[in-house]
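Below are the chains, spelled out letter by letter.
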Amino acid sequence: MIIPAGTPQTSLLLVLFLGLSTFASFALDQLEMEVSTGFNKLEAVEGEEVVLPAWYTLPREESSSQPWEVPLLFWYLEHEGKDLKQVLSYINGVVSSNPRVSLVHSVSTRNVSLRLEALQEEDSGTYRCSVNVQDDGSTTMYHGSKSIELKVLVPPAPPSCSFQGVPYVGTNVTLNCKSPRSKPTAQYQWEKLAPSPQVFFGPALDAIRGSLKLTNLSTSMSGVYVCKAQNRVGFTRCNVTLEVMTGSKAAVVAGAVVGTLVGLVLLAGLVLLYQRRNKTLEELANDIKEDAIAPRTLPWTKGSDTISKNGTLSSVTSARALRPPKAVPPRPGTFTPTPSVSSQALSSPRLPRTDGPPPQPVSLAPGGVSSSSLSRMGAVPVMVPAQSQAGSLV
């Protein structure tokens, strides 16, 4: 029967054996579990493999496994503050284990060492080996356990290098270096490469945070700066190039930066202005559509319009304009001419002939006055349409 690792059946099986030892008058003796000296606490590097050495012996004189031995073997992993997790079991000659976990030797050799491959940081913890062996007479059961602590170390991950500040003569800058992952925590070291190599120490260097402060910069401090992140199991590097500028170069760089920022601000302002203008035009168009009033038809003044029977406007004359000006009482001793308005018949387009005599000029005011006199008086000639006998305009 195969019982998968980590299932309740494994614990139930142990309880069953302990119960049989009580009700069947089994004697539970101590099994000799051994671990090599100095191997109860191990350290290994992530990505590599490690062997947790363990073996057992019986109180009897037999130095090797006997045919009557029926061992039960379990390996557990305990993380800090968490329950035991079964990683391997050996029951009835069948091994069941998690990935990357295996036995180094056959159980018949009584060597129950555990191999862990492709280590990961989460493999860290306390590993406990538990062995139960029943003797040939089925009257005694031997039990023993041993623990080994494993710590998986992680070399520093590649760090990132940067600097804060504007590097021109007389100013200060800070170089920064940080590794995103390291166990134990990485220590940092900064150095400057040729042509003027230099190694930095405190207080300018913060080996824990990975920062290096450079003060009162000069052009000789320009160059490539390398940061080395290291711990007990490895190291990695990154670098940053520092170019210290003089005042003129700094002004050019500052001007370029300011010009770029101003250009971006102006561009953003133009975009916003264009959007607002389009929005205003749309709102104005909508307001005009909503508030527009149809053009009003000018009323014709009574007595001033002459319209033909068929509804065609032939001529429009203002009656007020045709009225003679009001007479002003003459002053004694002065001569006041009496104006009269006459209309001279003008030629008109050809119209269909109608019965009756041709139209005659109509005098609009009594007391005929010649046209020259009217012109001197400021009168304006007005064309009056011809009228047939039937009274219609022609």
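Up top you'll find the structure we're talking about.
Described below are features of the structure shown in this document. Note that the structure is a prediction, hence the values are computed from the model and not measured.

1. A closer look at the sheet that holds strand β14 (residues 173–178)
And then number 1: Spatial strand order, β13-β14-β18-β17: four strands in an open sheet with antiparallel pairing. Here the strands that pair on one side only, and so sit at the sheet edges, are β13 (160–164) and β17 (205–206).
And then number 2: Sheet topology note: the β17/strand β18 (residues 211–214) ladder contains two bridges and is antiparallel. Within the sheet, the bridge partner assigned to leucine 205 lies in β18 and is leucine 212.

2. Let's talk about the packing of aromatic side chains
And then number 1: Inspection of every chain in the model, using the stated rule, returns two aromatic pairs.
And then number 2: Look at phenylalanine 74 and tyrosine 76: their rings are 6.2 Å apart centre to centre, the planes differ by 20°, and that puts the pair in the stacked class. Tyrosine 76 carries the same exposure label as phenylalanine 74, and that label is buried.
And then number 3: A cation sits over an aromatic face here: lysine 228 above phenylalanine 235, 4.6 Å from the ring centre.

3. Details of the pattern of salt bridges
And then number 1: Applying the stated criterion across every chain yields a total of six salt bridges.
And then number 2: The partner of glutamate 43 in a salt bridge is arginine 232, with the nearest N and O atoms 3.1 Å apart. Of this pair, glutamate 43 sits in strand β3 (residues 41–45) while arginine 232 is found in the loop between β19 (223–231) and β20 (234–242), placing the two residues 189 residues apart along the sequence.
And then number 3: A salt bridge links glutamate 49 to arginine 115; the nearest nitrogen and oxygen atoms lie 3.8 Å apart. Remark: arginine 115 occurs in strand β10 (residues 114–116) and glutamate 49 occurs in the loop between β3 and β4 (50–52); sequence separation between them is 66 residues.
And then number 4: Three or more residues are tied together by salt bridges with common partners; here these are Glu46, Glu121 and Arg181.

About the criteria used
- Residues numbered from 1 in each chain as written.
- Predicted model: local features only at pLDDT ≥ 70, side-chain atom pairs only at ≥ 80, totals over all residues.
- Heavy atoms only, no water.
- Pairing = 2+ DSSP bridges.
- Helix = DSSP H or I, 4+ residues; strand = E, 2+ residues; numbered from the N terminus.
- Phe/Tyr/Trp six-rings, centres within 6.5 Å; stacked < 30°, edge-to-face > 60°.
- Buried < 20%, exposed > 50% of the residue type's maximum accessible area, 1.4 Å probe, protein only.
- Lys NZ or Arg CZ within 6 Å of the ring centre and 35° of its normal.
- Salt bridge = Lys/Arg side-chain N within 4 Å of Asp/Glu carboxyl O.

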